[in-house]
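Below, each chain spelled out in residue letters.
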Amino acid sequence: MQKSILIVGGGTAGWLSAAIIAAHHKNRPDGQLKISLVEAADVPTVGVGEGTWPTLRNTIRSIGIDEKTLFKTCFAGFKQGAKFVNWASNDDFYYHPFTVPLGYGNIDLAPYLDDVASFAKESNYQEAVCQAGLAPRAPTEGEYQGICNYAYHLDAGALGDLLKNYCRDELGVEHIIGTVRDVQLGEDGGIAGLSLENDGKAFELCADLFVDCTGFRSLLLGKALGVKYKSVDDILFNDTALALRVPYENENDPIACHTIAEGQNAGWIWDIGLTNRRGVGHVFASDYLSEDEAMHNLQNYVGRSIADLDVNKISFSAGHREVGWKKNCVAVGLATGFVEPLEATAIMLVEVVARYVAENLFSDEAAMEVVSKRFNQQMDYRWQRIVDFLKLHYMLTKREEPYWKAHTNPDTIPETLQEDLAIWQNRGPIKSDFDGVAELFPAASYQYVLYGMGFKPNFSEQSYLYDQQQQANRIIEKNRTVTQQLLRDLPPHRNYINHWLSA
Ligand SMILES: Cc1cc2nc3c(=O)[nH]c(=O)nc-3n(C[C@H](O)[C@H](O)[C@H](O)COP(=O)(O)OP(=O)(O)OC[C@H]3O[C@@H](n4cnc5c(N)ncnc54)[C@H](O)[C@@H]3O)c2cc1C
């Protein structure tokens, strides 16, 4: 019997889900699984979402798209991590690179450093590579390879178009244009069908599984099935973003090979380098900053008048649906939740959810119930971990503005994060703190942020555990040697992309 999936929404979440599910089932015999995507012609996509995780490399590769095509069509650049400027104080920076520290899993270098905030630099060559604006791979390396771990910066609209064409032409996804006007529920409380309209013509669609990718509207899971929204805006205060597309002054200007996240008086500004422009945006808390003040911050950051640039204003409430899967409907992307894009977790979550759906599509109803129950348990945990990790970036600040002070108020810090901090008062984050199946950030990420913010556990309490000074020195020395070698061997980011794409 044929099983049918209807994906509703054609933003990044919709097309990426379609591609992941269809690629996973690409050898399906005719008539066994039908995958369709319907999108409204008259409802625009959110139009942002340019930073990704290294997971996207494998995802794009397994979908079947070659990396050059991705770079050419999406004006992509390499992303090797994030540089957090002015987070601990008004005059500092630290990196959260994608490559794990040398010695990771065997030795934590932090106890052996005089200045714990230098952890990323002393334990890992990628900070120096980013500071120098170099590509993560040597010209001799092939597609999807790199001595430094990397993700992409890309044009979100162009990625949607690339995936759309690939889904239709190569993966047998049916593409329908139509605006959902009504959702019919069945006797079991699931979705029985949709009433749609296009060009004045009404039509109906039904499916076994509905994938809600309708963005913030959450038309199926939120609106029709009534799954409530769990706000976390008492923990993460930001609720507004102003996004700009900033042209390069000269077409050969260097492209940053990491996301820059610069702390402001009541929020932060992202700066993402694509090959044809920069994506710059200010995320802020409207309780602490007016739109005019945010525009002023943006203008200062960009360093010239921004009056001629279009501003995309997006309001959001940090949080997520209480469950992501109910009956025969699973939500992906903004339809299931959103917290600020500080660690670019949204597209990564789309990958995680779509892969789970792809790997767990059975016609057996009892099995599907287990699948959705486990999914909801895992997602609940993932959201909690994401919220905790983002809050970690704020709660250790020494900045004095009211917005930053409020972030350090224990009442705004989740209990789970306070518990983690109680442990990390005595030792740094270790791999086994994060070894569950639903874990997203490895201990390395926590180390980079925790130490980068200047937090030093009380290592001296059990100093006998930290008697590997010689090994630590060897690793630090090795890192310095590799760094020098990479600074010699790796090409500048833009040069590499130009050369590679023209070959
Ligand atoms: C300020 C900001 C910055 C961000 N930065 C990042 C980042 O750097 N990295 C990252 O991973 N993520 C980021 N995100 C999140 C990212 O943009 C989204 O996760 C991603 O774009 C997916 O959006 P979506 O497809 O869920 O929703 P949308 O793009 O809103 O798409 C919704 C789709 O649903 C369709 N639709 C709506 N109503 C109907 C209807 N009635 N009938 C039929 N179709 C309908 C629309 O036509 C559209 O196709 C950011 C988000 C914001 C707000």
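Scroll up to find the structure.
Residues numbered from 1 in each chain as written. Predicted model: local features only at pLDDT ≥ 70, side-chain atom pairs only at ≥ 80, totals over all residues. Heavy atoms only, no water.

Q: Just give me the short version of the overall build of the protein chain, but keep the residues and values in it.
A: A tally of helices and strands in the protein chain yields 15 helices and 21 strands. A buried classification covers 58% of the 503 residues belonging to the protein chain. In the protein chain, 76% of the contacts between residues at least 6 apart in sequence involve partners at least 24 apart. Surface summary for the protein chain: the accessible area is close to 21500 Å², and the carbon and sulfur share equals 47%. Averaging the coordinates of the 45 positive side-chain charges in the protein chain and doing the same for the 65 negative ones gives two points 4 Å apart. (Helix = DSSP H or I, 4+ residues; strand = E, 2+ residues; numbered from the N terminus. Buried < 20%, exposed > 50% of the residue type's maximum accessible area, 1.4 Å probe, protein only. Contact = heavy atoms within 4.5 Å. Areas by Shrake-Rupley, 256 points an atom, 1.4 Å probe, with all protein chains shown as cover. Lys, Arg positive; Asp, Glu negative; His and termini not counted. Charge placed at Lys NZ, Arg CZ, Asp CG, Glu CD.)

Q: Go over helix 15 (residues 493–502), please, and point to the residues and values.
A: Residues three or four positions apart in an α-helix share a direction because the helix packs 3.6 residues into each turn. Taken together, the buried positions of helix 15 are occupied by His 493, Arg 494, Tyr 496, Ile 497, Trp 500 and Leu 501. Down the axis, helix 15 shows its buried residues gathered within 160° of arc, on one side only. Facing away from the buried side of helix 15, by more than 90 degrees, are the exposed residues His 499 and Ser 502. Those residues of helix 15 that are buried lie in contact with helix 3 (67–74) and strand 3 (77–79). (Arc of directions from axis to C-beta.)

Q: A description of the nonpolar core should follow, citing residues and the corresponding values.
A: Within the largest apolar cluster, 156 residues are counted, with the highest numbers of intra-cluster contacts made by Ile 63, Trp 87, Val 173, Trp 325, Val 339, Leu 392 and Leu 421. Counting residues per element, this core draws most heavily on helix 10 (residues 365–395), at twelve residues. With 19 residues, the next largest nonpolar core counts Leu 6, Leu 205, Cys 329 and Ala 331 among its residues. (Core = buried A, V, L, I, M, F, W, Y, C linked by side-chain atoms within 4.5 Å.)

Q: Lay out the packing of aromatic side chains in plain terms, naming residues and giving numbers.
A: This model, assessed by the stated rule, comprises 35 aromatic pairs. A ring pair is formed by Phe 237 and Tyr 403, whose centres lie 6.3 Å apart and whose planes are at 80°; its orientation type is edge-to-face. Residue Phe 237 is found in the loop between strand 12 (229–231) and strand 13 (240–246), and its partner Tyr 403 is found in helix 11 (residues 402–408); the two are separated by 166 residues along the sequence. Neither residue differs from the other here; Phe 237 and Tyr 403 are each classed as buried. It is Lys 83 that lies over the ring of Phe 93; its NZ or CZ is 4.5 Å from the centre. Positioned above the aromatic ring of Tyr 248 is the side chain of Arg 494, whose terminal nitrogen or guanidinium carbon lies 4.9 Å from the ring centre. (Phe/Tyr/Trp six-rings, centres within 6.5 Å; stacked < 30°, edge-to-face > 60°. Lys NZ or Arg CZ within 6 Å of the ring centre and 35° of its normal.)

Q: Outline the site of the ligand, listing residues and values.
A: Not every one of the 32 residues close to the ligand is listed here, only the nearest: Gly 10, Val 43, Val 48, Gly 51 and Ile 347. In this structure, an oxygen atom belonging to the ligand sits 3.4 Å away from a main-chain N or O atom of Thr 12. Alone, the ligand offers 1000 Å² of accessible surface; in the complex the protein occludes 97% of this. Within the residue set of the shell around the ligand, elements represented by two or more residues are helix 1 (12–24), strand 8 (179–185) and helix 9 (345–359). (Near = heavy atom within 4 Å. Polar contact = N/O pair within 3.5 Å; in protein donor to acceptor, adjacent residues only side chain to side chain.)

Q: Summarise a negative patch on the surface; cite the residues concerned and give the values.
A: A cluster of acidic residues, Glu 187, Asp 188, Asp 364, Glu 365 and Glu 369, forms a negative patch at the surface. Turning to its location among the elements, Glu 369 is positioned in helix 10. By relative accessible area, Glu 369 is classed as exposed at 59%. (Patch = residues over 30% accessible without salt bridge, like charges linked within 9 Å, V, L, I, M, F, W, Y side chains within 5 Å. Salt bridge = Lys/Arg side-chain N within 4 Å of Asp/Glu carboxyl O.)

Q: I'd like a rundown of the pairing of strand 8, residues and numbers included.
A: Remark: a regular strand shows side chains that alternate across the two faces of the sheet. When strand 8 meets strand 9 (residues 191–198), the two strands line up antiparallel, connected through six bridges. Following the sheet pairing, Asp 182 is matched in strand 9 by Ser 195. Hairpin connection of strand 8 to strand 9: five residues between the antiparallel strands, including Gly 189 at a positive phi of 90°. (Pairing = 2+ DSSP bridges.)

Q: Quick rundown of the state of the cysteines? Include the residues and the values.
A: Under the definition given, this model contains zero disulfides. We note that Cys 167 lacks a disulfide partner, and the nearest cysteine sulfur, in Cys 213, lies 11 Å from it. Looking at Cys 167, the relative accessible area reads 0%, which means it is buried. You can see Cys 206 has no disulfide; the closest cysteine sulfur is in Cys 329, sitting 15 Å from it. (Disulfide = S-S within 2.5 Å.)

Q: Give me the side chain of Asn 297: which residues, what numbers.
A: Checked against the element boundaries, Asn 297 lands in helix 8 (residues 291–302). In this structure the side chain of Asn 297 is engaged in a polar contact, spanning 2.9 Å, whose partner is the side chain of Asn 265. Contact partners of Asn 297, with chain neighbours within four places excluded, come to Gln 264, Asn 265, Ile 269, His 282 and Leu 289.

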